[in-house]
Amino acid sequence: PSFKVVMLANWRTYPAASSLEAGVTTIADLVESAEGIADYSPAPAVLGLNDRLPFFGVAQYNNVRFLPDETTFADESLWLLRAYAKIEVWDNAETVTPISAVRLVGHNTRAYKAPLGVTHQDQYVKFDYDNDADFVTTPSLPAANPSVWETSEPMTFEKRAADGHFVTYVPEYRNTGRTESERARLLLHYKFGEKFYADFKYYQNPAPGSAVGDAFDIRRNYWYKYGIKRNGTTIQLTADVLPYGTVKLEPSFGLD
């Protein structure tokens, strides 16, 4: 036979078995159920047992041959997607003034534990890193009015004791097609009340189909890494977006 295997991991709450009906219940029914939506609270820099992220994966297995009293191994891997993005900010080794705090201005308070519209592994496992095609290309948000989940209340990053990096895990957020005031931004705090913003946008080397200055969405299973170098009144920023190959962003802040 040919069949699909769907994995829902770390969901904590799951659709009741009595609500699943063979030949009727779809993957969309699972994802869009009440149990498929998570309420979000700020995550610590180091995840523990109670902070584990929800995962989702699906794989189709074609023409699998089962034999009595024999173990059957399927060649196709089942790839899992994290429900949240990871954002990491740290001081460059050559910085003259360290960051005192990092806040995210604009984030969603709820999240779909699995991406909407994904029913086959080919929709998110493409190994096309150079074209920014893995793993999902658009955030999963309420269709009618995505802003109902949003808050502009700044969220403070926790500082990781091991290396001093500021780290958090957040739901997806739509930045594209919006004004600057509606987008999510990183607010960097320094001593004496100094503040600088870092944006989720292409400062150089944009992805295919994008231009310098274009904003990009915060997407699940992405890791956004920001290295900040402070030179007196000027800030230099380098950002890597992983695991999709490296996109280096180097905007200038302050007085040039």
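One structure accompanies this document, and this report is about it. The shown structure was predicted, so the numbers you read here are calculated from the model rather than taken from an experiment.

## Remarks on the packing of aromatic side chains
The relative placement of two aromatic rings is captured by the distance of their centres and the angle of their planes. Counted by the stated rule, this structure contains 11 aromatic pairs. With centroids separated by 6.2 Å and ring planes inclined at 25°, the aromatic side chains of Phe-3 and Phe-66 adopt a geometry described as stacked. Of this pair, Phe-3 sits in strand β1 (residues 3-9) while Phe-66 sits in the loop between β3 (55-61) and β4 (80-82), placing them 63 residues apart in sequence. Consider the rings of Phe-216 and Tyr-224, whose centres lie 5.9 Å apart with planes at 5°: the pair is stacked. Each member of the pair, Phe-216 as well as Tyr-224, is classed as buried. Through successive ring pairs, a cluster of aromatic residues spans Phe-200, Phe-216, Tyr-222, Tyr-224 and Tyr-226. In this structure, Lys-225 packs its charged tip against the face of Trp-223, placed 4.4 Å from the ring centre. Note that Arg-230 overlies the ring of Tyr-190, its terminal NZ or CZ placed 4.7 Å from the centroid.

## A few points about the pairing of strand β14 (residues 195-199)
Direction of pairing for strand β13 (residues 185-189) relative to β14: antiparallel, over a ladder of 5 bridges. Its bridge partner lying in β14, Leu-188 is registered against Phe-196. Between β13 and β14, which pair antiparallel and follow one another directly, the connecting turn spans 5 residues, one of which, Phe-192, has a positive phi of 65°.

## Focus: the sheet that holds strand β10 (residues 155-156)
Across the sheet, which stays open at both edges, the 4 strands sit in the order β10-β6-β13-β14 with antiparallel pairing between neighbours. Both edges of this open sheet fall to β10 and β14, since each of them pairs with a single strand only. With 2 bridges connecting them, strand β6 (residues 101-105) and β10 associate as antiparallel partners. Looking across to β10, one finds that Leu-104 is bridged to Met-155.

## Some details on the environment of Ala-184
Here Ala-184 is to be found in the loop between β12 (166-170) and β13. The exposure class of Ala-184 is buried, given its relative accessible area of 1%. For Ala-184 and Gly-106, which are 78 residues apart along the polypeptide, the C-alpha to C-alpha distance reads 4.4 Å. In this structure, Ala-184 is in contact with Leu-104, Val-105, Gly-106, Tyr-173, Asn-175, Phe-200 and Ile-218, ignoring residues within four places of it in sequence.

## So, empty space enclosed by the protein
A full pass over the atoms with the stated rule returns 2 cavities of 30 Å³ or more. Of the pockets and cavities examined, the largest cavity occupies roughly 50 Å³. In terms of lining, the largest cavity is formed by Asn-175, Glu-180, Arg-183, Ala-184, Arg-185, Asp-199, Phe-200, Lys-201 and Ala-215. Per-class residue counts for the lining of the largest cavity are 3 nonpolar, 1 polar and 5 charged. Roughly 30 Å³ of volume is contained in the second largest cavity.

## Description of the environment of Gln-60
Its location among the elements puts Gln-60 in strand β3. With relative accessibility at 23%, the residue Gln-60 sits in the partly exposed group. Taking the C-alpha atoms as reference, Gln-60 lies 7.3 Å from Ser-2; in sequence the two are 58 residues apart. A polar contact is formed between the side chain of Gln-60 and the side chain of Asn-62, at a distance of 2.8 Å.

## A word on the side chain of Arg-219
Mapping Arg-219 onto the fold places it in the loop between β14 and β15 (223-231). Exposure remark for Arg-219: the relative accessible area of 7% places this residue in the buried category. Of the polar contacts made by the side chain of Arg-219, one reaches the side chain of Tyr-222; its length is 3.2 Å.

Thresholds applied
- Residues numbered from 1 in each chain as written.
- Predicted model: local features only at pLDDT ≥ 70, side-chain atom pairs only at ≥ 80, totals over all residues.
- Heavy atoms only, no water.
- Phe/Tyr/Trp six-rings, centres within 6.5 Å; stacked < 30°, edge-to-face > 60°.
- Helix = DSSP H or I, 4+ residues; strand = E, 2+ residues; numbered from the N terminus.
- Buried < 20%, exposed > 50% of the residue type's maximum accessible area, 1.4 Å probe, protein only.
- Lys NZ or Arg CZ within 6 Å of the ring centre and 35° of its normal.
- Pairing = 2+ DSSP bridges.
- Contact = heavy atoms within 4.5 Å.
- 1 Å grid on protein atoms, 1.4 Å probe; cavity = no way out; pocket = protein on both sides within 12 Å on 5 of 7 lines; lining within 4 Å.
- Points joined across faces, edges and corners; volume = space filled by probe spheres on them.
- Nonpolar A, V, L, I, M, F, W, Y, C, P; charged D, E, K, R; others polar.
- Polar contact = N/O pair within 3.5 Å; in protein donor to acceptor, adjacent residues only side chain to side chain.

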